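Examination of the molecular architecture
One-letter residues, chain by chain:
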Amino acid sequence: MKYMDAMYNEIKAVLDGKLRSLKNDYKRSSHPMQNKKIQTAPFPITMYAMSILDLLSSYEAGWNEPNKRLSRNQTTRMVNYLVEYMSYDKIPSRALVQMHRHQLMHTSEPRMVQDKKTGDVFAWEISDSRPNHMKLRKFSFNNAKINDIQELSFNIKDFIKNLESASKKYLRRVKNSQQLIEKYTACKEEIKKKIVDFDA
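If you're wondering where the values come from, they're calculated on a predicted model, not measured in any experiment. (Residues numbered from 1 in each chain as written. Predicted model: local features only at pLDDT ≥ 70, side-chain atom pairs only at ≥ 80, totals over all residues. Heavy atoms only, no water.)

1. What to know about the packing of helix H1 (residues 2–30) against helix H6 (residues 178–192)
We count it as follows: For helices, the fitted axis covers only the stretch in contact; all axes are lines through C-alpha atoms, and the angles between them, taken along N-to-C directions, range from 0 to 180 degrees. The helix count covers DSSP runs of H or I at least four residues long, the strand count covers runs of E at least two residues long, and both are numbered beginning at the N terminus. Orientation categories follow fixed angle ranges, with anything under 35 degrees roughly parallel, anything over 145 roughly antiparallel, 65 to 115 roughly perpendicular, and all other angles oblique. Whether a crossing is left-handed or right-handed is set by the direction in which the near helix is turned from the far one by less than a right angle, anticlockwise for left-handed and clockwise for right-handed. Only heavy atoms matter for contacts: two residues are in contact if any of them lie within 4.5 Å across the pair. In this classification, Asp, Glu, Lys and Arg are treated as charged, Ala, Val, Leu, Ile, Met, Phe, Trp, Tyr, Cys and Pro as nonpolar, and every other residue, Gly included, as polar.
Interhelical geometry of H1 versus H6 gives an angle of 55° and a closest axis separation of 11 Å. The angle between the axes of H1 and H6 places the two elements in the oblique class. For the element pair H1 and H6, the recorded crossing hand is left-handed. Here H1 contributes Tyr3, Met4, Met7, Glu10, Ile11 and Val14 to the contact with H6, which in turn contributes Gln178, Ile181, Tyr184, Thr185 and Lys188. Of the residues belonging to the contact of H1 with H6, the class tally is 7 nonpolar, 2 polar and 2 charged.

See the structure below:
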């Protein structure tokens, strides 16, 4: 039991520290500065929040690095976590990960995404005051609805609250789960030092 308690305390300290840092950065990014010319900064805090989601889902799964041979897919892992542990619907979850994890990270803005199978197009909106967090609605431009585009309403404040709630639920489950502790340990070892090919 001492080992389980020690591991629980370690995991709690890690997650509490990450979420404390996230909430601190959210306050700094979303509230106007003394200098009125400086705007709020939703993109950095969104990237940070999505990285916490990535980490939480990694601990749950026991791995972080994608691996086709082992059928490990980062997008699927994150989407499944959003659906199972944060109670979001699947299509908005998939749009969220594609826009705010992949597009924002790799192209410096969320950008619209299109479902290859259905042709559905998804646009983005980030705020900290919008209702209907993680809900899709018909996209409108200058009050004209555009039928083939859906907009995902993403409230960063609500998302951070939901991450915190998911973290607390995870900690309650991990307290008495050898399997979850083993998955956390495997993931921790994996992300401690990334092996990369510097000649690639």
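2. Some remarks on the nonpolar core
To be explicit about the condition: Buried Ala, Val, Leu, Ile, Met, Phe, Trp, Tyr and Cys residues that are joined via side-chain atoms within 4.5 Å together make up what is termed a nonpolar core. For each residue, the accessible area found with a 1.4 Å probe, counting protein chains only, is set against the maximum for its type, and the residue is called buried under 20%, exposed over 50%, and partly exposed in between.
With 44 residues, the main nonpolar core has Leu53, Met86, Phe159 and Leu163 as its most contacted residues. For this core, the secondary structure elements donating two or more residues are H1, helix H2 (42–61), helix H3 (74–86), helix H4 (90–107), strand E2 (121–127), strand E4 (144–155), helix H5 (156–174) and H6. In contact with Leu163, not counting residues within four places along its chain, are Leu19, Leu22, Ala49, Ile52, Leu53, Leu56 and Met86.

3. Topic: the confidence of the model for the protein chain
For the record, the criterion: For every residue, the predictor reports its confidence as pLDDT, a number between 0 and 100.
Here the protein chain averages 90 in pLDDT, and 92% of its residues register 70 or above. Put simply, E4 is where the protein chain has its lowest mean pLDDT, 79, and H3 is where it has its highest, 97.

4. Looking at the packing of H2 against H4
Between H2 and H4, the least distance of the axes is 10 Å, while the angle of their chain directions is 115°. In terms of crossing hand, the pair formed by H2 and H4 is left-handed. Residues Phe43, Thr46, Met47, Met50 and Asp54 of H2 form the contact with H4, whose own contacting residues are Leu96, Val97, His100, Arg101, Leu104 and Met105. Tallied by class, the residues present in the contact of H2 with H4 amount to 7 nonpolar, 2 polar and 2 charged.

5. Looking at the side chain of His133
Looking at the secondary structure, you find His133 in the loop between E2 and strand E3 (135–141). Residue His133 is classed as buried on the basis of its relative accessible area of 12%. Residues in contact with His133, not counting those within four places in the same chain, are Tyr88, Ser153, Phe154, Asn155, Asp158, Phe159 and Asn162.

6. Some remarks on the side chain of Ser57
Its place among the elements puts Ser57 in helix H2. Accessibility expressed as a relative area gives 2% for Ser57, which makes it buried.

7. A short note on the pairing of E2
Look at any regular strand and the pattern is simple: side chains alternate between the two faces of the sheet. Rules: For two strands to pair, DSSP has to find at least two bridges joining them.
Of all 7 residues making up E2, 6 are buried, and the element is well covered by its neighbours. Direction of pairing for strand E1 (residues 113–114) relative to E2: antiparallel, over a ladder of 2 bridges. Looking across to E2, one finds that Val113 is bridged to Phe122. The turn linking E1 back onto E2 is made up of 6 residues, and Gly119 within it adopts a positive phi angle of 85°.

8. Some details on the pattern of salt bridges
Rules: One speaks of a salt bridge when a side-chain nitrogen belonging to Lys or Arg is within 4 Å of a carboxyl oxygen belonging to Asp or Glu.
For the coordinates displayed, the defined rule picks out 11 salt bridges. Glu10 is paired through a salt bridge with Lys188; the nearest N and O atoms lie 2.9 Å apart. With Glu10 in helix H1 and Lys188 in helix H6, this residue pair connects regions lying 178 residues apart in the sequence. According to the relative accessible area criterion, Glu10 is partly exposed, its value standing at 26%. For Lys188, a relative accessible area of 28% translates into the label partly exposed. For Lys23, the salt bridge goes to Glu164, with nearest N and O atoms at 2.7 Å. With a gap of 141 residues between them, Lys23 in helix H1 and Glu164 in helix H5 connect regions that are remote in the sequence. Judged by relative accessible area, which is 22%, Glu164 ranks as partly exposed. Residues joined by salt bridges that share partners form a network here, namely Asp54, Arg77 and Arg101.

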